[in-house]
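# Descriptive structure summary
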Amino acid sequence: RSRGVYGVEKDTPQANTPMNQPFVKRPHPDYYPTAVASFILGGGSFSSRLMNRVRSDEGLAYSVYSTVGNDYRDTAMTTIALQTKVETVGFAMKLIFEEVEKLAKDGPTAEELSQAKKSLVESLPSLFDSPSSTASIFAKGELLGKSDNHYLDYVTEINAVTAEQVKAMIAKYFDKDKMTISIVGPVSMFDSLKPFTVIPLDSLEFR
């Protein structure tokens, strides 16, 4: 669907709220700084800003995180996803975009940037945990046109990301005004989020 806010009617005590924005098709120079930026924003589990603010500090979310799509065949998506009580979805979304705006304006701390890089680089060896996994990864890489040095380059690129790049990528790829925001739950409870377009559940395709 196009950008904007959509309510999907479903009788549930929890609101599920995926927020998606078009990203890039790889290879693309924005991928690595956005991966670091997303880790700081919401991809780093309990070290992330969204988890700390929305879940740990306010106790509002069962789940809140951000991701960066990784696709060599088509345009990927950046995502922020939230699961919270229907009564608190509006407040939780307000907090999410406050954190987005704060990170885009002020950037990460030196510690956040260092920890994000360290975590992303140190997660790399887990991809090669068996001979079959290693063979599969390099076979897929060959089909996608990745260089033989792709994973060495990954480490170099991640470690080169700057705080200014993090600010820029958050502003560019986690922009509320460019997102398609879907709120799944009893739409009569979402008055504070109006205006939005109601999408009947039975009109959606499930695959």
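The present account deals with the structure reproduced in this document.

The rules behind each value
- Residues numbered from 1 in each chain as written.
- Predicted model: local features only at pLDDT ≥ 70, side-chain atom pairs only at ≥ 80, totals over all residues.
- Heavy atoms only, no water.
- Pairing = 2+ DSSP bridges.
- Helix = DSSP H or I, 4+ residues; strand = E, 2+ residues; numbered from the N terminus.
- Axes fitted to C-alpha atoms, helices over the stretch in contact; angles between N-to-C directions.
- Parallel < 35°, antiparallel > 145°, perpendicular 65-115°, else oblique.
- Left-handed = near helix turned anticlockwise from the far one by under 90°.
- Contact = heavy atoms within 4.5 Å.
- Nonpolar A, V, L, I, M, F, W, Y, C, P; charged D, E, K, R; others polar.
- Buried < 20%, exposed > 50% of the residue type's maximum accessible area, 1.4 Å probe, protein only.
- Polar contact = N/O pair within 3.5 Å; in protein donor to acceptor, adjacent residues only side chain to side chain.
- Phe/Tyr/Trp six-rings, centres within 6.5 Å; stacked < 30°, edge-to-face > 60°.
- Lys, Arg positive; Asp, Glu negative; His and termini not counted.
- Salt bridge = Lys/Arg side-chain N within 4 Å of Asp/Glu carboxyl O.

## Topic: the pairing of strand E4 (residues 77–85)
Direction of pairing for strand E2 (residues 14–22) relative to E4: antiparallel, over a ladder of nine bridges. The residue of E4 that forms the bridge with Ala15 is Thr84. Pairing analysis gives seven bridges linking strand E3 (residues 61–68) to E4, with the strands arranged antiparallel. By the bridge assignment, Ala61 is partnered in E4 with Thr84.

## Considerations on the packing of helix H2 (residues 49–57) against helix H3 (residues 89–106)
At a closest axis distance of 10 Å, the pairing of H2 and H3 adopts a crossing angle of 150°. Between H2 and H3, the angle is such that the two are roughly antiparallel. The handedness of the crossing between H2 and H3 is right-handed. Of the residues in H3, those touching H2 at Arg49, Leu50, Arg53 and Val54 are Ala92, Leu95, Ile96, Glu98, Glu99, Lys102 and Leu103. Taken together, the residues that form the contact of H2 with H3 break down as six nonpolar, no polar and five charged.

## Brief notes about H2
Within H2 the residues assigned to the buried category are Arg49, Leu50, Met51 and Val54. Where H2 is buried, its residues meet helix H1 (31–43), E3, E4, H3 and helix H4 (110–122). For H2, the N-terminal cap is Ser48; the gap from its side-chain oxygen to the backbone nitrogen of Met51 is 3.3 Å. Residue Gly59 follows H2 closely and has a positive phi angle near 65°.

## Observations regarding the sheet that holds E3
Remark on secondary structure: sheet strands pair via backbone hydrogen bonds, oriented parallel or antiparallel. Spatially, the six strands line up as an open sheet ordered E3-E4-E2-E5-E1-E6, and their pairing is mixed. Looking at the sheet topology across the chains shown, the edges are occupied by E3 and strand E6 (197–199). Put simply, the sheet's adjacent strands are angled 15° from each other on average, direction ignored. Relative to strand E5 (residues 180–185), strand E1 (residues 4–9) runs parallel, the two sharing six bridges. Across the sheet, Gly4 pairs through a bridge with Thr180, a residue of E5. The strands touched by H3 within the sheet are E2, E3, E4 and E5, with E4 carrying the most contacts at an inclination of about 145°.

## Details of the packing of aromatic side chains
If you walk through the whole model with that rule in mind, you get seven aromatic pairs. Ring geometry for Phe23 versus Tyr173: centroids 4.7 Å apart, planes at 85°, classification edge-to-face. Here Phe23, found in the loop between E2 and H1, pairs with Tyr173, found in helix H7 (residues 163–173); they are 150 residues apart in sequence, far enough to count as distant. Of the two residues, Phe23 and Tyr173, neither departs from the other in class, the shared state being buried. When the ring of Phe128 is compared with that of Phe138, the centres are 5.9 Å apart and the planes differ by 35°; the resulting orientation is tilted. Here Phe128 is found in the loop between H4 and helix H5 (131–144), whereas its partner Phe138 is found in helix H5, with 10 residues between them in sequence. Classification of Phe128 by relative accessible area gives partly exposed; the value is 26%.

## Some words on the side chain of Lys146
Among the secondary structure elements, Lys146 is positioned in the loop between H5 and helix H6 (150–159). The buried charged residue Lys146 lacks any salt bridge, with Asp71 as its nearest oppositely charged partner at 10 Å. Side-chain polar atoms of Lys146 contact the side chain of Tyr151, separated by 3.5 Å. Not counting chain neighbours up to four residues away, the residues in contact with Lys146 comprise Tyr72, Gly141 and Tyr151.

## A closer look at the pattern of salt bridges
Side chains that carry opposite charge are capable of pairing whenever their charged atoms lie near each other. This structure, assessed with the given rule, holds eight salt bridges. In this structure, the salt-bridge partner of Glu99 is Arg53, at a minimum N-O distance of 2.8 Å. Pair noted here: Glu99 is in helix H3 and Arg53 is in helix H2, with a separation of 46 residues, a long-range link. Among the residues examined, Glu99 registers a relative accessible area of 8% and is labelled buried. Taken together, the shared-partner salt bridges in this structure form one network comprising Arg53, Lys94, Glu98 and Glu99.

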